[in-house]
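A structural walkthrough
One letter stands for each residue in the lines below.
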Amino acid sequence: MMYGHEKSDSVIVAAKPANKAVQTAVEQSAGEATAAEPGEPRAETKGNVDQQSTCRAQSRVSVSQALDRIRKVARERKRRRFTALFHHISIDLLEEAFYELKQNAAPGVDRLMWTDYEADLERKLEDLHDRVQRGAYRALPLRRVYIPKPDGRQRPLAVAALEDKIVQRAVVALLNAIYEEDFLGISYGFRPGRGTHDALDALCVGIHSRKVSFILDADIQSFFDTVNQEWLIRFVEHRIGDRRIIRLIRKWLKAGVMEDGVVTVSDRGTGQGAVISPLLANIYLHYALDLWAVRWRQREVTGDMIIVRYADDCAPRRREKEALM
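Let us look at the structure shown here. Note that this is a predicted model, so its numbers are computed, not measured.

Its location among the elements puts L125 in helix α4 (residues 121-134). For the pair L125 and E95, spaced 30 residues apart in the sequence, the C-alpha separation amounts to 7.0 Å.

Our next topic: the sheet that holds strand β1 (residues 142-148). The 4 strands lie next to each other as β2-β1-β5-β6, forming an open sheet whose pairing is mixed. Edge positions in the open sheet fall to β2 (154-159) and β6 (262-264), since each of these has one partner strand only. Between one strand and the next, the sheet's axes are offset by a mean angle of 40 degrees, whatever the strand orientation. Alignment of β1 against β2, held across 6 bridges, turns out to be antiparallel. Across the sheet, residue R144 finds its bridge partner in β2, namely A158.

With that out of the way, let us pick up the packing of helix α8 (residues 229-236) against helix α9 (residues 243-253). Where α8 contacts α9, the axes come no closer than 11 Å and their chain directions differ by 160 degrees. As summarised for this structure, α8 and α9 are arranged roughly antiparallel, according to the angle between their axes. α9 is crossed by α8, and the crossing has right-handed handedness. Each of Q229, E230, L232, I233 and V236 in α8 lies in contact with α9, whose residues at this interface are I246, I249, R250 and L253. Its residues assigned to classes, the contact of α8 with α9 shows 6 nonpolar, 1 polar and 2 charged.

Attention shifts here to the packing of aromatic side chains. Applying the stated rule across the entire model yields 12 aromatic pairs. Where F98 meets W114, the ring centres are 4.6 Å apart and the plane angle is 10 degrees; that geometry is what we call stacked. Taken as a pair, F98 in helix α2 (residues 91-100) and W114 in helix α3 (residues 114-118) lie far apart in primary sequence, 16 residues in all. Each member of the pair, F98 as well as W114, is classed as buried. Ring centres of Y99 and W114 lie 5.8 Å apart, and the angle between their planes is 70 degrees; this geometry places the pair in the edge-to-face category. Residue Y99 is found in helix α2, and its partner W114 is found in helix α3; the two are separated by 15 residues along the sequence. The exposure class of W114 is buried, given its relative accessible area of 5%. Three or more aromatic residues joined by ring pairs form one cluster here, namely F223, F224, W231, F235, Y284 and Y287. Across from the ring centre of Y188, 4.5 Å away, lies the NZ or CZ of R194, which sits over that ring. The residue whose ring lies beneath R234 is W231, and the NZ or CZ to ring-centre distance is 4.4 Å.

The pairing of β1 with strand β5 (residues 257-259) spans 2 bridges and is classified as parallel. Within β5, the residue paired with R143 across the bridge is M258.

Tracing the chain through its elements places K72 in helix α1 (residues 43-76). Side-chain polar atoms of K72 contact the side chain of E76, separated by 2.8 Å.

Buried within α9 are the following residues: I245, I246, L248, I249, W252 and L253. The buried residues of α9 occupy an angular sector of 155 degrees when the element is viewed end-on, so they sit on one face. Structurally, α9 contributes buried residues whose contacts are with α5 (162-179), α8 and α10 (277-299). Where α9 begins, the capping side chain belongs to D242, and its oxygen is found 3.0 Å from the backbone nitrogen of R244.

What counts, and at which threshold
Residues numbered from 1 in each chain as written. Predicted model: local features only at pLDDT ≥ 70, side-chain atom pairs only at ≥ 80, totals over all residues. Heavy atoms only, no water. Helix = DSSP H or I, 4+ residues; strand = E, 2+ residues; numbered from the N terminus. Pairing = 2+ DSSP bridges. Axes fitted to C-alpha atoms, helices over the stretch in contact; angles between N-to-C directions. Parallel < 35°, antiparallel > 145°, perpendicular 65-115°, else oblique. Left-handed = near helix turned anticlockwise from the far one by under 90°. Contact = heavy atoms within 4.5 Å. Nonpolar A, V, L, I, M, F, W, Y, C, P; charged D, E, K, R; others polar. Phe/Tyr/Trp six-rings, centres within 6.5 Å; stacked < 30°, edge-to-face > 60°. Buried < 20%, exposed > 50% of the residue type's maximum accessible area, 1.4 Å probe, protein only. Lys NZ or Arg CZ within 6 Å of the ring centre and 35° of its normal. Polar contact = N/O pair within 3.5 Å; in protein donor to acceptor, adjacent residues only side chain to side chain. Arc of directions from axis to C-beta.

Structure below.
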């Protein structure tokens, strides 16, 4: 995943330095098309390896430059909808997405492991790319697994098939280039360059630098399983006007979940555990919670209120004289 220009809410924590976007000669505006003990290797084998490494490095540069152009447009044109993103799902981007996946991750319904797919990778990615671009790519159902919670209950997770993980990771790269320019500083969960320690630091800064009387620790119950998919798509469409990207997201949302051989399809949920699920959750909460909270703080609150959100958990803090909600 690429790590773009970061924004931080100065009310919560000191701003981090922004990553410098690579300046290119050509800028693409939104809505326009442009993405066992080893033996001694033989000389030709070393040459092939060097050539592959060089090609991969060049591919990474090409992908990075395309993402930088998208990021620049997203930063400068906050109200633009991106109508030409799909062609950026290139073989190079798919390859980069593949190598970003965890090699030992649990398999989906295809039971295909990362190491299995790596064999003859070039041919497989060319075939996958062709299917994606022709519209012949089909998302497989997510495989239901359960992991224990600290309280003894079971947390349901959904594991995507390997090719679905690859395409989702590629789309996440494209969308992150846009939404990392939009997301607010109060959001910390599942974002490039941010994590739990950053959220805790923000809490500490808020508690020690502000006159805090109350802290509310809130969690949205079963959020990933109950997200309204139609509202989610509406939120995505605020920035994404490329119907092919929207169709891909709908495919993943409607692929269903397989448990004990039975596939269940719902109009709610994003499949917690899927590669694209955290980003979709952040997009939903950006519009449904973050923007509302900031607007409410600016227009309604006469005292002091700050908020830190990590995925579906948040901790608003307020002064004693001001009602929170």
